Amino acid sequence: MAVIGLGKVRNKRKQEEAEEVEKGPFAGVVDLEMQSEDEAEDEDQEGDDASDNEDVDEFPEIDAVSDSEEGSEEEEEDTDDLDEDDTLDENSDADSDLHIFPKFRKVVSDITGQTKVVYPEIEPDYDSDSSTEDDPNRVGNIPMHWYDDLPHLGYDINGKRVLRPAKGDELDRFLQTVEDPNSWTTAFDQNTQMDKPLSAEELDIIRRLQAGENPDAEYDPYEPTIEWFTGKGKEEVMPLSSAPEPKRRWLPSKWEKQKIMKIVRAIRQGRIVGSKPTAADKKQQFYAIWNEPPSNQAPPLPAPKPKLPTNSESYNPPEEYLPTEEERKLWESTDPEDRERDYLPHKYPALRLVPAYDRFIKQRFNRQLDLYLAPRIQRVKLNVDPNSLLPKLPSPNSLRPFPNYKSLQFMHTKARVRCLSISSDGAWVASGDESGVISLWEVNVGREVKRWSLGSKIGAIEWCPRLDVCFFVAGTEEQLHFFIPPNISPAMLTMTQSTLAPATLPPATQSSIKWISVSGAAEDGPILTIELPSASGLSRQLTWHRKGDYLASVSSSETQGSVWMHQISRRHSQAPFKKIKGAVQMVLFHPTKPHFFVATQRYVRLYNLAEQKLLKTLMPGIKWISSMDIHPSGDHIIVGGYDRKLCWFDLELSEKPYKVLRYHSRAIRSLHFHPTYPLFASSSDDGSIQIFHARVYSDLMTDPLIVPLKILRGHNVQEGLGVLQIKWVIKQPWLVSAGADGSVSLWCS
């Protein structure tokens, strides 16, 4: 009977539990109600009366047999058989609803021969806590750049090295991105040095982060509002209440009364003594205000004072302050910010007739702006003399001699003078104009000795630098003419003729340039003529090597045949460049080394003729180079351009200009260093000539000294052209200039 009673009790309990599961833990509505103290006291009595009438739920009795451990195994097996079907059905229903545990199956045990419940094995995946993913690299969270110089990345779980995977170059990565459409869905793993594919969930998180959204896909920012404090039974769930205050809140506190009485007893017993009032000292007290240590903080700046009114702001100003009708109209038509004053003087016969001040609000506002924008800090103004910032240059009087006045002037009446040259002994000057006339005149007296007419525009003239011969070269359209001046010594004449027209000519070479010697009266015409290739154009520049055997010519054509080198002794001409970048403007021989300067429109290139290679490229920063000259020492070079810049280069220092001078107002036409004096000059289309003192020191640590000395003005500007070429006299600090006005001037010291 006990077994049957026990089974019934258990079945009853299971039925009650099933009913509770069907109701759910939150099936009923939880009603919370917070009341005031008075209401709570009133309702306590009512609650007591009501509780007497209600039924009290009794706790179910517990059979003592269920707690005893002396039950037989047969009784337990019977009870288990009775309840097995019910429990399995309830578990299956609960599992189907909650889906908490995996489904099970019943099998017969091989050992006991009874049925048992077998659950499927748990297959761990990436979502589970125990993942089966094996990380090959077990170095931990350390900087991976420690292994940059090693062939491995770390160590696996067995302590063996994890070798670094092979990496391709940028081209391989690019081809991989082209061939693999999923290459963009990978991320580089620093631990394994490989690209790992990203899952769809990770890609969705990245997309949400890029879009500025919440990374949680299940998050709903627009979910409906839950009304926690509205509805029946939820009106007073907050700690604040609108009920009237209870009476005891207005009664004195007995605890405060006890505290106050304790203090009163201490005062009566003398344990607490109040501070006695100090008697007022009738004597005057003095303080030494100057004995205080000075403060390091600057005193505050005073506020700006308002501008005091003038006579014109009076209600009865003098007549001279009152504006006329024209001045009034002009003041009204002028913009407010352009007016000298923001009011018009007005005259009233009496003070009581003055109306209200119409600019009061605006004036007060401007005053507040003055106070608000006033400086709070007094800044120390540096009193620097502007003259002290300029470099200290020596006086021009201490740098004499240099040319400072025009001594002689020779005129070409037909056309402008393009070129001139001075002989190596400094006694002769040869000048040529655009009409084809070459004039030879003496430097000392300015007398014309000889004149040649070639009938073609003359672009360049240059004397031979040798001292044992005397001749000059003139360049015209596609021809170079060699002239011997008159009145020279017989020995020098014989040497010059043997140089230009030897009795035995050297063997002819295969070249497109022809050398033509003229026998007979050499004084009336050229003794030697070089015919350049056709379409060469006008010879713009001629320059000699220091030994006087090589001559370089620059033509106006922009082809590779614009630059030619001519050797007088062998009567041979050659083009040194097969291909030229840019149009060549000028060329120069180095005075001491086998170097060759070539100036194009924007760059100056230095070539080594012995090794036949490019040494360096100078970048002057000029848009169009017009002229160039090299210092007699060979370490410095000046470059001028049509954009009015003059750049000084130190060849041992840098490829950028050491100093850039801008003294001319128009394009620079010519530059020239003096061969013996520390001087150089520049001429421009503004009609002026700038004279500079240029001292170069042998010490490489000392910068060159460049001092402007004099501005020479004596040529007229015609058709936008000024002084076209300048040359120094070799043995004297004199300068010869040729201008577009047809004049050739000699400037002396």
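Residues numbered from 1 in each chain as written. Predicted model: local features only at pLDDT ≥ 70, side-chain atom pairs only at ≥ 80, totals over all residues. Heavy atoms only, no water.

Draft legend 1. Examining the overall build of the chain more closely. Counting secondary structure elements, the chain contains 11 helices and 35 strands. Expressed as a percentage of its 749 residues, the buried residues of the chain come to 30%. Total accessible area computed for the chain in this model is approximately 53000 Å², and 52% of it derives from carbon and sulfur atoms. (Helix = DSSP H or I, 4+ residues; strand = E, 2+ residues; numbered from the N terminus. Buried < 20%, exposed > 50% of the residue type's maximum accessible area, 1.4 Å probe, protein only. Areas by Shrake-Rupley, 256 points an atom, 1.4 Å probe, with all protein chains shown as cover.)

Draft legend 2. Up close: a negative patch on the surface. On the surface, Glu-325, Glu-326, Glu-327 and Glu-332 cluster together into a patch of negative charge. Inspection of the secondary structure assignment puts Glu-332 in helix 8 (residues 325-333). (Patch = residues over 30% accessible without salt bridge, like charges linked within 9 Å, V, L, I, M, F, W, Y side chains within 5 Å. Salt bridge = Lys/Arg side-chain N within 4 Å of Asp/Glu carboxyl O. Lys, Arg positive; Asp, Glu negative; His and termini not counted. Charge placed at Lys NZ, Arg CZ, Asp CG, Glu CD.)

Draft legend 3. Layout of a nonpolar patch on the surface. The grouping of Leu-171, Phe-174, Leu-175 and Val-178 at the surface amounts to a nonpolar patch, some 400 Å² of accessible area in total. Assignment of secondary structure puts Val-178 in helix 5 (residues 170-179).

Draft legend 4. Main features of helix 11 (residues 490-500). Of all the positions in helix 11, only Thr-496, Thr-499 and Leu-500 are classed as buried. For helix 11, the angular spread of the buried residues around the axis is 85°, confining them to a single face. Facing away from the buried side of helix 11, by more than 90 degrees, are the exposed residues Pro-490, Ala-491 and Thr-494. In this structure, the buried side of helix 11 is in contact with strand 14 (479-483), strand 15 (514-517) and strand 16 (528-531). (Arc of directions from axis to C-beta. Contact = heavy atoms within 4.5 Å.)

Draft legend 5. Representation of the packing of aromatic side chains. As enumerated under the stated definition, the model contains 16 aromatic pairs in all. Plain terms: the ring middles of Phe-471 and Trp-544 are 5.7 Å apart, the flat faces sit at 75° to each other, and that makes the pair edge-to-face. Taken together, the residues span a long stretch of sequence, with Phe-471 in the loop between strand 12 (460-463) and strand 13 (472-476) and Trp-544 in strand 17 (residues 539-544) at a distance of 73 residues. For Phe-471, a relative accessible area of 1% gives the class buried. Classification of Trp-544 by relative accessible area gives buried; the value is 9%. (Phe/Tyr/Trp six-rings, centres within 6.5 Å; stacked < 30°, edge-to-face > 60°.)

Draft legend 6. Quick peek at the nonpolar core. Judged by nonpolar contacts, the single largest core of 34 residues is most densely connected at Phe-471 and Phe-482. Of all the secondary structure elements, the ones that give two or more residues to this core are strand 9 (428-433), strand 10 (437-442), strand 12, strand 13, strand 14, strand 16 and strand 17. Leaving out residues up to four positions away in the same chain, Phe-482 has contacts with Phe-471, Phe-472, Val-473, Leu-500, Pro-526, Ile-527, Leu-528, Ile-530, Trp-544, Leu-551 and Ile-568. (Core = buried A, V, L, I, M, F, W, Y, C linked by side-chain atoms within 4.5 Å.)

Draft legend 7. Looking closely at the sheet that holds strand 15. The antiparallel open sheet is built from five strands, whose spatial order is 12-13-14-16-15. Looking at strand neighbours, the two that pair on one side only are strand 12 and strand 15, the edges of this open sheet. Between one strand axis and the next, the sheet turns by 20° as a mean value, whatever way the strands run. Direction of pairing for strand 13 relative to strand 14: antiparallel, over a ladder of five bridges. Looking across to strand 14, one finds that Gly-475 is bridged to Leu-480. (Pairing = 2+ DSSP bridges. Axes fitted to C-alpha atoms, helices over the stretch in contact; angles between N-to-C directions.)

Draft legend 8. Local environment of the environment of Gln-190. On the secondary structure map, Gln-190 appears in the loop between strand 5 (186-189) and strand 6 (194-197). Along the primary structure Gln-190 and Met-144 are separated by 46 residues, whereas in three dimensions their C-alpha atoms are 7.0 Å apart.

Draft legend 9. The pairing of strand 6, seen in detail. Strand direction decides the pairing type here: strand 5 and strand 6, joined by four bridges, are antiparallel. Bridge pairing in strand 6 links Phe-188 to Asp-195. The hairpin turn running from strand 5 into strand 6, its antiparallel successor, is four residues long, and Gln-193 in that turn takes a positive phi close to 55°.

Draft legend 10. Structural detail: the pattern of salt bridges. Taken as a whole and judged by the stated rule, the model has 16 salt bridges. Here Glu-170 makes a salt bridge to Arg-173, at a shortest N to O gap of 3.6 Å. With a gap of three residues between them, Glu-170 and Arg-173 both fall in helix 5, about one helical turn apart. According to the relative accessible area criterion, Glu-170 is exposed, its value standing at 58%.

Everything listed here is a matter of geometry and, on its own, says nothing about what the molecule does.
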